Amino acid sequence: MMTFSHDTEIAQAMQNELERQRHGLEMIPSENFVSEAVLAALGSVATNKYAEGLPGKRYYGGCLHIDVIESIAIERAKKLFGAEHVNVQPHSGAPANNAVYAALLQSGDTVLGMDLSHGGHLTHGHPVTDAAKRYNFLRYKTTADGTIDYEEIESLAREHKPKMILVGYSAYTREIDYARIATIAAEVGALTMADIAHIAGLIAAGEMNNPVPLFDVVTTTTHKTLRGPRGGMIMCKEIHAKAINKSVFPGMQGGPHENTIAAKAIAFGEALQPEFKEYAKRIRANAKTLADELTKREFTLLFGGTDNHLLLIDVSTKGVTGAQAEVALDAAGITVNKNMIPNDPRGPMDPSGIRMGTPAITTRGLNVEHMPLVAEWIDRAIQHHTDPAMLRSIADDVRKLVSEFPLYPDLKYV
Ligand code: DSN
C-alpha cells in the first residue's frame, strides 16, 4: 500500500482528521464523504501530468490516456445533467463562477444575484470580491415569508436591464422556479446563469428541478451533494462553449488537475447508478424529518422548512448566537457552521444563525429513524451550551451511534 506514514507530522495530523470524521456527525451541508474509488483517484499518477488544453488539443505530449479520462468525465457529466457542453477543468466553484463572468460579461455589466445573507454566495457579487469591483452586481432578497422574491427580480430586471440573471444559492432551502427566471431574462435580453453547487447531486438524481436545459450556463462544485472530489465544472449551451473553454484556460487557469478530473469521472459514474437516486431521496427525507423534529422543539427555521438537503436556523430565539451554537455543537460531536440569516442584525463572525445539512450523515448511513435523536442532541447541546460535561456526554452518544456506520474502515495513516 502506498503511504506517507514516514512523514510523521503530516501522517499524525491526517490520522487525527480521519478520527474526527469517523467519530462525529458531519452536518456542514457543503461537505460529504467520497467513495474509496474517488479517494484513490485523487492520489493517483494522474496528478503527475500536465495537460493544458482540451482532450485531443493539448499543449503537451503524452496526453493520450489523460484524454481518455477527461473525455469520459465530460460525457458522464453531459449524461447526468443533459448538458450540451461541459468543461470539467475549473479547480473549484469560485473559479468556475469567475470564468463564466469573464467569458460572458464586459467590465461594468450589470448582474442580478441574491444577497449573501438571504442565501446567496460570496462569488455572486458580494462587495468583498474582485468580481464585484469589475461588474455591477445588484442583489435581490428573499421575501418576508421566506421565498425567492420573483417579483422583485422581475422589477429589478425591467428597471436595470442586467446582462445576466444569477440564481442558485448556498443557504437557501427551497426549490427554484428556473422557468420563471428564464422568462424574465428573455423579456429583458439577459443571460441566465445558475450555480447549483449545493444541490447538484439532488438535480442529477431527479430530486430537484434541473436548470441545465433552460439556462445559458450552469456552474457547480463536484464535492457537495454530488459526492465527488473537491472541484468545479461548467455546463453551457453549445453557443457559449468556445468562450467558456477559453475563459477557463488560458483565461483563468493553467494545467488542469487531472487526478481530480479522474475522480470527477468516477463520481459521475457513481451518480449515474440507480443507488444514487435512492441516496438523494434519503438526503431529502432526512433533511425534512430533521426540520420537522427541530420545529417540534421550537427552533426557528428560515424559509419555513426545507425542500433540499439543508436547514438554516435562527438560533437567537434559543438565546445563543450562531458562533456559540457552532462551538457547543462541535464540543458535542456535531459539526455545523454559523451563518447569516436574512436581514441579520449581527455580523458574519458571530451571526444569528447556523446552517446544517444531511448529505454526509446520509452517506454515513443515517436514516429518518435517527433524526429525532439527532434533533434531541442538537437541542440539548444548545440549551446546555455552557455545560462541558453535558456536551461531552452528547459527544459520547454521537460516537456510539456513528461507530455503527464505519467510515473508510481499512484506512490508516499512522
Ligand atoms: N463554502 C461553500 C459552502 O459551504 O456553501 C460554498 O462555496
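Bear in mind that the values here come from a model prediction, so they are computed numbers and not experimental data.

Caption draft 1: The arrangement of the packing of aromatic side chains in detail. Counted by the stated rule, this structure contains ten aromatic pairs. Seen from their ring centres, Tyr172 and Phe303 are 4.8 Å apart, and the 65 degrees between their planes marks the pair as edge-to-face. Placement of the pair is Tyr172 in the loop between β7 (164-167) and α7 (178-188) and Phe303 in the loop between β11 (300-301) and β12 (310-314), with a sequence separation of 131 residues. On the accessibility criterion, Phe303 (5% relative accessible area) is buried. Measuring from centroid to centroid gives 5.5 Å for Tyr178 and Phe215, while their planes differ by 90 degrees, and the two rings are edge-to-face. Taken together, the residues span a long stretch of sequence, with Tyr178 in helix α7 and Phe215 in the loop between α8 (200-204) and β9 (217-221) at a distance of 37 residues. Its relative accessible area of 1% is what places Phe215 among the buried residues. Here the aromatic cluster, defined as three or more aromatic residues joined through ring pairs, consists of Tyr101, Tyr135 and Phe137. Across from the ring centre of Tyr279, 4.0 Å away, lies the NZ or CZ of Arg227, which sits over that ring. The ring of Phe299 has Lys318 sitting right over it, with the charged end atom 4.5 Å from the ring centre.

Caption draft 2: The sheet that holds strand β8 (residues 191-195), seen in detail. Here we have seven strands laid out as an open sheet, ordered β4-β10-β9-β8-β7-β5-β6, and mixed in their pairing. The open sheet terminates on both sides in strands that have one partner only, identified here as β4 (85-87) and β6 (136-140). Strand-to-strand twist across the sheet, computed as the mean angle between neighbouring axes with direction ignored, equals 20 degrees. The sheet contact formed by β7 and β8 spans four bridges and is parallel.

Caption draft 3: Local environment of unusual backbone geometry. Backbone torsion omega between Phe249 and Pro250 reads 10 degrees, so that peptide bond is classified as cis. In the Ramachandran plot, Glu298 falls in the positive-phi region, its phi being about 65 degrees despite a non-glycine side chain. The topology assignment puts Glu298 in the loop between α11 (274-296) and β11. The residue Tyr408 is not glycine, and still its phi comes out positive at about 45 degrees.

Caption draft 4: Focus on the nonpolar core. Residues Phe81 and Ile196 are the most contacted members of the largest nonpolar core, which totals 57 residues. At six residues, α7 tops the list of elements feeding residues into this core. Aside from chain neighbours lying at most four places away, what touches Phe81 is Ile196, Ala200, Ile203, Ala204, Asn210, Val212, Leu226, Met233 and Met235. Formed by 35 residues, the second largest nonpolar core is a distinct cluster that contains Met27, Leu294, Ala325 and Leu329.

Caption draft 5: Focus on the packing of helix α4 (residues 93-104) against helix α9 (residues 241-252). Interhelical geometry of α4 versus α9 gives an angle of 115 degrees and a closest axis separation of 8 Å. Between α4 and α9, the angle is such that the two are roughly perpendicular. Where α4 crosses over α9, the two elements pack in a sense that is right-handed. Touching Asn98, Ala99, Val100, Ala102 and Ala103 of α4 are Ala243, Ile244, Ser247, Val248 and Met252, all from α9. Class assignment for the residues of the contact of α4 with α9 results in eight nonpolar, two polar and no charged.

Caption draft 6: Quick look at helix α10 (residues 258-271). Between its first and last C-alpha atoms α10 spans 19 Å; for 14 residues at 1.5 Å apiece the expected length is 20 Å, and the two agree. The buried count for α10 comes to twelve of 14 residues, which makes it a mostly enclosed element. Residues of α10 that are buried sit in contact with α2 (36-42), β3 (57-58), α3 (64-81), β10 (232-236) and α11.

Caption draft 7: Local environment of the side chain of Ser117. Here Ser117 is to be found in the loop between β5 (110-114) and α5 (130-134). Looking at Ser117, its side chain comes within polar contact range of the side chain of Asp115, at 2.9 Å. If near-sequence neighbours (up to four positions away) are discounted, Ser117 is found in contact with Met340, Ile341, Pro342 and Asn343.

What counts and how
Residues numbered from 1 in each chain as written. Predicted model: local features only at pLDDT ≥ 70, side-chain atom pairs only at ≥ 80, totals over all residues. Heavy atoms only, no water. Phe/Tyr/Trp six-rings, centres within 6.5 Å; stacked < 30°, edge-to-face > 60°. Helix = DSSP H or I, 4+ residues; strand = E, 2+ residues; numbered from the N terminus. Buried < 20%, exposed > 50% of the residue type's maximum accessible area, 1.4 Å probe, protein only. Lys NZ or Arg CZ within 6 Å of the ring centre and 35° of its normal. Pairing = 2+ DSSP bridges. Axes fitted to C-alpha atoms, helices over the stretch in contact; angles between N-to-C directions. Core = buried A, V, L, I, M, F, W, Y, C linked by side-chain atoms within 4.5 Å. Contact = heavy atoms within 4.5 Å. Parallel < 35°, antiparallel > 145°, perpendicular 65-115°, else oblique. Left-handed = near helix turned anticlockwise from the far one by under 90°. Nonpolar A, V, L, I, M, F, W, Y, C, P; charged D, E, K, R; others polar. Expected span 1.5 Å × (residues − 1). Polar contact = N/O pair within 3.5 Å; in protein donor to acceptor, adjacent residues only side chain to side chain.

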